[in-house]
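# Structural description and commentary
Below are the chains, spelled out letter by letter.
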Amino acid sequence: MSHIFPHARDCWGVDHRASSLTTTRDSAMLCADPSETQFRRQEKVYVLYPKADCALALKGYNGASMVDLQSSLLSASQPFSFVLFGASGHLAQLKIYPALYILAEKGRLPDDYALVGFARSPMTDDEFRGMVEQSIRKDLIEPNEKKLAAFLERVHYHQGNYDEEDDFAALAKKLRGLEKGWKNPVRLAYYSVPPSVFGAISENLCKGGVHEEGIPLRNIVEKPVGGDLKSFELIKKQLSSCFSDEEIYLLDHYLGKEAVRNVFYLRYANPVLERLFKNTLIEYVEITAAEPGGIEQRAGYFEHTGTFRDMFQSHLMMAMALLTMRVQHDADGFRESRANALSQLYLPPATDMDDIVLQGQYAAGTVNGKSVPGYREEQDVDPQSRTNTFAALRLMTRISRWEGVPFYLRSGKRLQKKETRISIQFQVPHAVGEGSTPNRLHVILQGEAGMRFELQTKLGGTEPVFRPLVLSDPLICFGDCLPEHGMLLLEAIHGRKQWFLSFEEVQMSWRLLDPVQSHLSKDTTALHEYPAGSMGPEAIHEWIGRDGRSWQEIA
Ligand SMILES: NC(=O)c1ccc[n+]([C@@H]2O[C@H](COP(=O)([O-])OP(=O)(O)OC[C@H]3O[C@@H](n4cnc5c(N)ncnc54)[C@H](OP(=O)(O)O)[C@@H]3O)[C@@H](O)[C@H]2O)c1
């Protein structure tokens, strides 16, 4: 076996019970398969552990690297400039400044780096630093004062227009000044602006000289990439006219979440579960993304987007892909495998689109004991608005092991509780006995993240009476978990793209969902009202009930 994993022999330690295993040959054998963390020899069980600084060397498992997929083990060592377009905006303050600071506080950033905020809003360096500091203090209860001061010293502001080449030329000059004396810096340009501005930014990064010979420039582009297939194609063309695919990082923050990545790792690390994931055993799959929150002063964005575009096109499609993709050990093929899973999705044949999709909008109600207005009463929302705040969709895949299994996806705002989960219901057993229910596996991605496997066990006695046996494991963060944007930023600084989307993935997702979106946008398509604080419109029960199924509750 050692030939499979030849370079790793110095990377696994063996605990003290294995002192007799000292030869190179033995060590090489131990390293043969990174998934074998225990082995038995002469009736003793030995436990392997990966040595701390050997992470990079753990390559070669079928040409693969687990570590490439789990790259957050690393710290950034290469100097970098991080230019944030839309520096005055909501996302920047809510997520990006706190995430960058956390990386700095945890010692994940090199000595030489700079954050340059770029936006149209007039601000001095000091005013911008004040804004960045405030957003960090809002997110972290007790930041490390010394480290925060050191972080803020590296923060600068550059006022400019996204469509002014001269403003970018001045930015390039500023960056050169900041990078003086740095060894092999990289530049990151983060597009935290509406998609309508992406084209101007990428064009001027090139024309203005920010993209210069010898300094890699990585473009991190926030989802959504466009609002439909057509606008996506335009943005792709604009970005590609100046940058190669290698230089473009399409970001869906779901892919930075530990729990979402665990959908893949659960399969990767448990071949026994993997064997259960097939159409002869599975009845149906449900993916739910529920949130009690409303639109949080983002009417301008949400009115044109709606829940279906906002949640299904990227987040829920990614959950589908991670669940159904071929388990891929090779980091290089990881994105292709995900894209392939997306390419296999299709809308079930239907005479009427309403059989496949359903939409709703929240009315006034009570969420967590608090009265909240209906969507049409929210600030800056059109009182006649037909924007959906809830949607449910039935999908199928051509992947042979999942063929015939329906996937029911639903997502909504102002729902009863925060919960994102994948629930797999296995085939109903033949009349097992009183109290028996089907086996279910819930992978909970948000809310009380973790996993629950519902089995059945017979109560003692002469009668066949059953009760659930629940194997439950919360997602516990051992050591050093990072917020999703922190994880992805660190990976972008390293030039690692496994957890970023490819153009192909985004394109396939728009292509699949565009006809559904067109149907939902028609004035004649039903928009079901539901009270805030419920689990969505009543109609979704009848809708799924037509297939003889029901939405799953966690027992
Ligand atoms: N906020 C979130 O939670 C979230 C989540 C996922 C994805 N996103 C995506 O991330 C991006 C940024 O989100 P955001 O919430 O931060 O947006 P935002 O606050 O509306 O906009 C960010 C900044 O972009 C500039 N801007 C806004 N509209 C513009 C326009 N029409 N033309 C030119 N510049 C404009 C403004 O800065 P100046 O006027 O100072 O230039 C604004 O401060 C968007 O693409 C959004 O869809 C956001």
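## Some points on the overall build of the chain
For the chain, the helix and strand inventory stands at 15 helices and 21 strands. Across the 555 residues that make up the chain, the buried fraction comes to 54%. With an accessible surface of roughly 25,100 Å², the chain has 50% of that area assigned to carbon and sulfur atoms.

## Considerations on the packing of aromatic side chains
Under the counting rule described, the total for this entry stands at 32 aromatic pairs. An angle of 35° between the planes, with centres 5.7 Å apart, marks the rings of phenylalanine 118 and tyrosine 162 as tilted. Taken together, the residues phenylalanine 118 in strand 5 (residues 113-119) and tyrosine 162 in the loop between strand 6 (155-159) and helix 6 (165-178) connect sequence positions 44 residues apart. Considering the side-chain rings of tyrosine 362 and tyrosine 375, the 5.8 Å spacing of their centres and the 80° angle between planes classify their relative orientation as edge-to-face. Of this pair, tyrosine 362 sits in strand 12 (residues 357-363) while tyrosine 375 is found in the loop between strand 14 (370-372) and strand 15 (390-397), placing the two residues 13 residues apart along the sequence. Its relative accessible area of 2% is what places tyrosine 362 among the buried residues. Taken together, Phe85, Phe118, Tyr162, Phe168, Tyr191 and Phe198 form an aromatic cluster joined through their ring pairs. The cationic tip of lysine 497 hangs over the ring face of tyrosine 249; the distance from NZ or CZ to the ring centre is 4.8 Å.

## A word on the sheet that holds strand 9 (residues 248-251)
Paired through their backbone hydrogen bonds, the strands of a sheet run either parallel or antiparallel. Taken in spatial order, the six strands make up an open sheet running 6-5-4-7-8-9, and their pairing is parallel. Bordering the open sheet on either side are strand 6 and strand 9, each of which pairs with just one other strand. Across the sheet, the mean angle separating the axes of adjacent strands is 20° when strand polarity is ignored. Bridging between strand 8 (residues 217-222) and strand 9 involves four bridges; their strand directions are parallel. By the bridge assignment for strand 9, valine 221 is matched with leucine 250.

## What about the site of the ligand?
Around the ligand sit 19 residues in total, of which Ser88, Leu91, Ser121, Tyr162 and Val193 are the nearest. Between valine 193 and the ligand, the recorded distance is 2.8 Å, taken from a backbone N or O atom to an oxygen atom. In the model, an oxygen atom of the ligand is placed 3.2 Å from a nitrogen or oxygen of the arginine 298 side chain. Protein coverage of the free-state accessible area of the ligand, which is 860 Å², stands at 76%.

## Thoughts on the pattern of salt bridges
On inspection of all chains with the given rule, the structure shows 24 salt bridges. Salt-bridge contacts for arginine 129 lead to aspartate 126; the nearest nitrogen and oxygen are separated by 3.0 Å. Placement of both arginine 129 and aspartate 126 in helix 4 (residues 125-139) is noted, with a separation of three residues, approximately one turn of the helix. Note that arginine 386 and aspartate 523 form a salt bridge whose closest N and O atoms lie 3.8 Å from each other.

## Topic: the nonpolar core
Counting 131 residues, the largest nonpolar core has Phe82, Phe85 and Phe151 as the members making the most contacts within it. Ranked by residues supplied to this core, first place goes to helix 11 (residues 299-324) with eleven residues. Of all hydrophobic cores here, the second largest spans 19 residues; its members include Tyr284, Ile295, Phe390 and Ile540.

## Observations concerning the packing of helix 3 (residues 90-105) against helix 4
Closest axis-to-axis distance for the helix 3/helix 4 pair is 8 Å, and the angle between their directions is 85°. By the angle class used here, helix 3 and helix 4 are roughly perpendicular. Within the contact between the two elements, helix 3 uses Gln93, Leu94, Tyr97, Pro98, Tyr101 and Ile102 and helix 4 uses Phe128, Met131, Val132, Ser135, Ile136 and Asp139.

## A few points about the environment of arginine 335
Summarising the element assignment, arginine 335 is placed in helix 12 (residues 331-343). Linking arginine 335 and serine 502, residues 167 residues apart in sequence, is a C-alpha distance of 7.2 Å. With residues up to four places along the chain from it excluded, the contact list for arginine 335 reads Lys497, Gln498, Phe500, Leu501, Ser502 and Glu505. A polar side-chain atom of arginine 335 sits 3.2 Å from the main-chain carbonyl oxygen of phenylalanine 500.

## With respect to unusual backbone geometry
With glycine set apart, most residues show a phi of negative sign, and most peptide bonds adopt trans. Residue lysine 223 is joined to proline 224 through a cis peptide bond whose omega torsion reads 5°. Within the secondary structure, proline 224 sits in the loop between strand 8 and helix 8 (229-240). Of note, the phi angle at aspartate 380 is positive, near 65°, even though the residue is not glycine. Here aspartate 380 shows up in the loop between strand 14 and strand 15.

What counts, and where the lines are drawn
- Residues numbered from 1 in each chain as written.
- Predicted model: local features only at pLDDT ≥ 70, side-chain atom pairs only at ≥ 80, totals over all residues.
- Heavy atoms only, no water.
- Helix = DSSP H or I, 4+ residues; strand = E, 2+ residues; numbered from the N terminus.
- Buried < 20%, exposed > 50% of the residue type's maximum accessible area, 1.4 Å probe, protein only.
- Areas by Shrake-Rupley, 256 points an atom, 1.4 Å probe, with all protein chains shown as cover.
- Phe/Tyr/Trp six-rings, centres within 6.5 Å; stacked < 30°, edge-to-face > 60°.
- Lys NZ or Arg CZ within 6 Å of the ring centre and 35° of its normal.
- Pairing = 2+ DSSP bridges.
- Axes fitted to C-alpha atoms, helices over the stretch in contact; angles between N-to-C directions.
- Near = heavy atom within 4 Å.
- Polar contact = N/O pair within 3.5 Å; in protein donor to acceptor, adjacent residues only side chain to side chain.
- Salt bridge = Lys/Arg side-chain N within 4 Å of Asp/Glu carboxyl O.
- Core = buried A, V, L, I, M, F, W, Y, C linked by side-chain atoms within 4.5 Å.
- Parallel < 35°, antiparallel > 145°, perpendicular 65-115°, else oblique.
- Contact = heavy atoms within 4.5 Å.

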